[in-house]
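Below, each chain spelled out in residue letters.
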Amino acid sequence: MLQAEVQSLTTADRLRAATRIVVKIGSALLVDPATGKLRRQWLEGVADDVAAAKARGQDVVIVSSGAIALGRRQLGLPKGPLRLEESQAAAAVGQIRLTHAWQEVLAGHGLSTAQILLTLDDTENRRRYLNGRSTMATLLGLGAVPVINENDTVATSEIRYGDNDRLAARVAELASADCLILLSDIDGLYTANPNTDPDAKHLPLVNGITPEIEAMAGEPVSGVGSGGMITKVAAARIALSAGCSMVIGAGHVERPISALEKGARCTWFLAERSPRQARKMWIGGSISPKGRLIVDEGAARALAQGKSLLPAGVREVDGEFSRGDAVMVVGLDGRALGRGLVAYSSEDARAIAGHKSGEIETLLGYRGRDEMIHRDDLAIDG
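Here is a short report on the structure shown in this document.

Scoring rules and cut-offs
- Residues numbered from 1 in each chain as written.
- Predicted model: local features only at pLDDT ≥ 70, side-chain atom pairs only at ≥ 80, totals over all residues.
- Heavy atoms only, no water.
- Helix = DSSP H or I, 4+ residues; strand = E, 2+ residues; numbered from the N terminus.
- Rg over C-alpha atoms; globule rule 2.2 N^0.38 Å.
- Contact = heavy atoms within 4.5 Å.
- Areas by Shrake-Rupley, 256 points an atom, 1.4 Å probe, with all protein chains shown as cover.
- Pairing = 2+ DSSP bridges.
- Axes fitted to C-alpha atoms, helices over the stretch in contact; angles between N-to-C directions.
- Core = buried A, V, L, I, M, F, W, Y, C linked by side-chain atoms within 4.5 Å.
- Buried < 20%, exposed > 50% of the residue type's maximum accessible area, 1.4 Å probe, protein only.
- 1 Å grid on protein atoms, 1.4 Å probe; cavity = no way out; pocket = protein on both sides within 12 Å on 5 of 7 lines; lining within 4 Å.
- Points joined across faces, edges and corners; volume = space filled by probe spheres on them.
- Expected span 1.5 Å × (residues − 1).
- Parallel < 35°, antiparallel > 145°, perpendicular 65-115°, else oblique.
- Left-handed = near helix turned anticlockwise from the far one by under 90°.
- Nonpolar A, V, L, I, M, F, W, Y, C, P; charged D, E, K, R; others polar.

### Remarks on the overall build of the protein
Point 1. Helices and strands together make up the secondary structure of the protein, namely 16 helices and 15 strands.
Point 2. Here the C-alpha radius of gyration of the protein, 23 Å, is about what a compact globule of 382 residues would show, namely 21 Å.
Point 3. Referenced to the eigenvectors of the C-alpha coordinate spread, the extents of the protein come out at roughly 70 × 45 × 40 Å.
Point 4. Considering only intrachain contacts with a sequence separation of at least 6, the fraction spanning at least 24 residues in the protein is 71%.
Point 5. In the structure as shown, the protein presents an accessible area of about 17700 Å², 49% of it carried by carbon and sulfur atoms.

Now the structure itself:
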């Protein structure tokens, strides 16, 4: 679909066309700031929306704040800024309540819930990133709804996101989502802060993150959450680079995703390519290869047809690399065929090269992927 056609679509069209959606929910929506209690009725409405998306065949991932806000009330901690150890203690208590609440409301629709706690290092460290990506794909393949939060119990101020807007964007990248919904206490991006500037204009569509767009972002306006428009624009930059469109909409209404589908005001940041295309562009041009896999003519033909690289087609392994590293794929004539993210270390790759996928467990002592490089992790030249 051409970019002009994408821009002409309604919000309902865009949401229903998505195959994998990440929904980010902030503390200010989930927890009543006056009482510190969970907004149960509102949460049930979101669960209704999630169930509707699942019924359409869409995958849904939820990034939910609220653990610290719920935990501080349970522990009787005072209002105002908390010390690091108090925040971590509140998160430890509140996360149990938060996950249980999600499990209850989603179970009402027959949906399974999975909890994943991430730190900044989990999405930046290559091996942890791959493990998280694999776990996410498996859960979604089994029909579960992953509920994700930052692991505030172990994260420190130096190694944490600090807001779930950017975490949600990283999760969207991790899950290869094509739509990220940020439910907020504001209905989108304005040219200035609408709370202080009566001339501020709402922007329904943003085509790119320019310095002008960044300058429009303001400071946090909520007393419960830790984000603000500036973190949402940063999240949009991450999401767009991963091929994921992003929408900011007001979350305080009942069934907020349904409200968006019915035309509620919002701001869209539209990606120019799909997650798969963005990933292949990154593999093809943004990372340096650590080694080479020399493949036979049959494997070369299969790759040209868009298939994965199987161990049986690999004749030689050159260089030292770890699982998840980028490697060049080379034909017997020395011609570069492309590059990809290899599913095995160089040591294991040498052990299984030339063998059928069914022999991997016998050769290595564990069952890994059937592919040496999966087609989604391959960028073929030409």
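### Here we look at the sheet that holds strand β15 (residues 378-380)
Point 1. What the five strands build is an open sheet, ordered β12-β11-β13-β14-β15; its pairing is mixed. Two strands in the sheet have a free side with no partner beyond their single neighbour: β12 (314-319) and β15. Neighbour to neighbour, the strand axes of the sheet diverge by 20° on average, direction disregarded.
Point 2. The strands touched by helix α14 (residues 297-304) are β11 (291-295), β13 (326-330), β14 (336-341) and β15; relative to β11, the strand with the most contacts, the crossing angle is about 105°.

### Notes on the sheet that holds strand β5 (residues 179-184)
Point 1. Spatial ordering of the open sheet is given by β3-β4-β2-β1-β5-β9-β10-β8, a layout of eight strands whose pairing is mixed. Edge positions in the open sheet fall to β3 (113-118) and β8 (205-206), since each of these has one partner strand only.
Point 2. Of the strand pairs in this sheet, β8 and strand β10 (residues 266-269) are connected by two bridges, and their pairing is parallel. Bridge pairing in β10 places V206 opposite F269.
Point 3. The sheet contacts of helix α6 (residues 84-107) involve β1 (20-25), β2 (59-64), β3 and β4 (145-150), and relative to β3 the element is tilted by about 150°.
Point 4. Across the face of the sheet, helix α11 (residues 229-241) comes into contact with β5, β9 (245-250) and β10 while running at roughly 155° to β9.

### Digging into the nonpolar core
Point 1. Counting residues in each nonpolar core, the largest one holds 40 residues, and the members touching the most others are V22, M136, I148, V171, L180, M246 and F269.
Point 2. Elements with a contribution of two residues or more to this core: β2, β3, α8 (126-141), α9 (164-175), β5, α11 and β9.
Point 3. Not counting the four nearest positions on each side in its chain, M136 is found in contact with V61, I116, P146, I148, V171, L174 and A175.
Point 4. Core analysis: the next-biggest nonpolar cluster, separate from the first, contains 37 residues, L43, V60, A67 and W268 among them.

### Digging into the layout of surface pockets
Point 1. A volume near 700 Å³ is recorded for the second largest pocket.
Point 2. Lining the second largest pocket are 29 residues, with R133, S134, A137, R369 and D377 sitting closest to its centre.
Point 3. Mapped by element, the contributors of at least two residues to the lining of the second largest pocket are α8, α9 and α13 (275-285).
Point 4. Counting residues per element, the lining of the second largest pocket draws most heavily on α8, which supplies seven residues.

### Comments concerning α8
For an α-helix, the turn length of 3.6 residues means that residues three or four places apart are oriented alike.
Point 1. Here α8 spans 22 Å end to end across 16 residues, near enough to the 22 Å set by a 1.5 Å rise per residue.
Point 2. Buried within α8 we find Y129, L130, G132, R133, M136, L139 and L140.
Point 3. Where α8 ends, the next residue or the one after it, G143, has phi of about 85°, a positive value.

### A short note on the packing of helix α4 (residues 40-55) against α6
Point 1. Contact geometry for α4 and α6: axes closest at 9 Å, N-to-C directions at 55°. Relative to α6, the element α4 is oriented oblique. Seen from above, α4 lies across α6 with right-handed handedness. Contacts between α4 and α6 involve R40, L43, E44, V46, A47 and V50 from the first element and A101, W102, E104, V105 and L106 from the second.
Point 2. Among the residues making up the contact of α4 with α6, the classes are represented as eight nonpolar, no polar and three charged.

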